[in-house]
Amino acid sequence: MPVKAYWLDESKKDIVQYDFEGKWTWDEFYPIYEEALRMEKAQPHRVDVILDFQRSGKVPPNALTHIKGITDKQPDNIGLSIFVTQNRFFNVMYDVAIKFYPKTKRYFVISETIEEAHNIIIKDRETEKEAS
């Protein structure tokens, strides 16, 4: 299956990880995304998301339109959504997305490794606790 989503730690249920492999389509993504939304909304605490694109090909067409729709559906308890990729196209797409849809900057971050993504989440959670 080219798109999967699951709890990174089933006992904590605080990070959903998506794995994208090879060529995938929006039709394959959306049923997985809808299930992940249900998982996230069922939690009383913050949930972060890691989207691992390291084994994926290109993003399907019309990505900016889809990113806008995805951003509008984020539940209140969502923390960060971190794209893990070394594909420079993601950086360009991210820059364009935050220019046209500034709200996306609240949710989306790009990381080059899974380890870096975890560190970004840890730091953001600490900052959030300090602000409370």
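First things first, this report covers the structure right here in the doc. Predicted, not measured: the structure shown is a model, and the values here were computed from it.

Conventions adopted
- Residues numbered from 1 in each chain as written.
- Predicted model: local features only at pLDDT ≥ 70, side-chain atom pairs only at ≥ 80, totals over all residues.
- Heavy atoms only, no water.
- Helix = DSSP H or I, 4+ residues; strand = E, 2+ residues; numbered from the N terminus.
- Buried < 20%, exposed > 50% of the residue type's maximum accessible area, 1.4 Å probe, protein only.
- Contact = heavy atoms within 4.5 Å.
- Areas by Shrake-Rupley, 256 points an atom, 1.4 Å probe, with all protein chains shown as cover.
- Lys, Arg positive; Asp, Glu negative; His and termini not counted.
- Charge placed at Lys NZ, Arg CZ, Asp CG, Glu CD.
- Core = buried A, V, L, I, M, F, W, Y, C linked by side-chain atoms within 4.5 Å.
- Pairing = 2+ DSSP bridges.
- Right-handed = clockwise from strand over helix to strand, strands pointing away.

**Some details on the overall build of the protein chain**
Turning to step 1, where the next piece is worked out: Within the protein chain one finds five helices and five strands.
Turning to step 2, where the next piece is worked out: Counted from the first residue to the last, the protein chain has its helices and strands arranged as β-β-α-β-α-β-α-α-β-α.
Turning to step 3, where the next piece is worked out: Projected onto the principal axes, the alpha-carbon positions of the protein chain cover approximately 40 × 30 × 25 Å.
Turning to step 4, where the next piece is worked out: Expressed as a percentage of its 132 residues, the buried residues of the protein chain come to 43%.
Turning to step 5, where the next piece is worked out: Counting contacts in the protein chain only where the partners sit at least 6 residues apart, residues at least 24 apart contribute 77% of the total.
Turning to step 6, where the next piece is worked out: By element, 54% of the accessible surface of the protein chain is carried by carbon and sulfur atoms, the whole surface being about 7,700 Å².
Turning to step 7, where the next piece is worked out: Positive and negative side-chain charges of the protein chain, numbering 19 and 22 respectively, have mean locations separated by a distance of 4 Å.

**Here we look at the nonpolar core**
Turning to step 1, where the next piece is worked out: One finds Tyr-18, Phe-20, Trp-24 and Phe-29 to be the most contacted residues of the largest nonpolar core, which totals 28 residues.
Turning to step 2, where the next piece is worked out: Elements with a minimum of two residues in this core: strand S1 (3-7), strand S2 (15-22), helix H1 (26-41), strand S3 (47-56), helix H2 (63-72), strand S4 (78-84) and helix H3 (88-100).
Turning to step 3, where the next piece is worked out: Ranked by residue count, the leading element in this core is H1, at seven residues.
Turning to step 4, where the next piece is worked out: The next biggest cluster of nonpolar side chains, apart from the first, holds seven residues, and it includes Leu-80, Ile-82, Val-84 and Ala-117.

**Focus on the pairing of S4**
Turning to step 1, where the next piece is worked out: Where burial is concerned, most of S4 is hidden: seven out of the seven residues are buried.
Turning to step 2, where the next piece is worked out: One ladder, built from five bridges, connects S3 with S4; its direction is parallel. Considered in S4, the bridge of Val-49 is made with Ser-81.
Turning to step 3, where the next piece is worked out: With H2 bridging S3 and its parallel neighbour S4, the resulting β-α-β unit is right-handed.
Turning to step 4, where the next piece is worked out: Taken together, the four bridges between S4 and strand S5 (residues 108-111) define a ladder with parallel strand orientation. By the bridge assignment for S5, Val-84 is matched with Ser-111.

**Re the side chain of Asp-52**
Turning to step 1, where the next piece is worked out: Inspection of the secondary structure puts Asp-52 in strand S3.
Turning to step 2, where the next piece is worked out: When near neighbours in sequence (up to four residues on either side) are disregarded, Asp-52 contacts Gln-17, Tyr-18, Asp-19, Phe-20, Val-84 and Ile-114.

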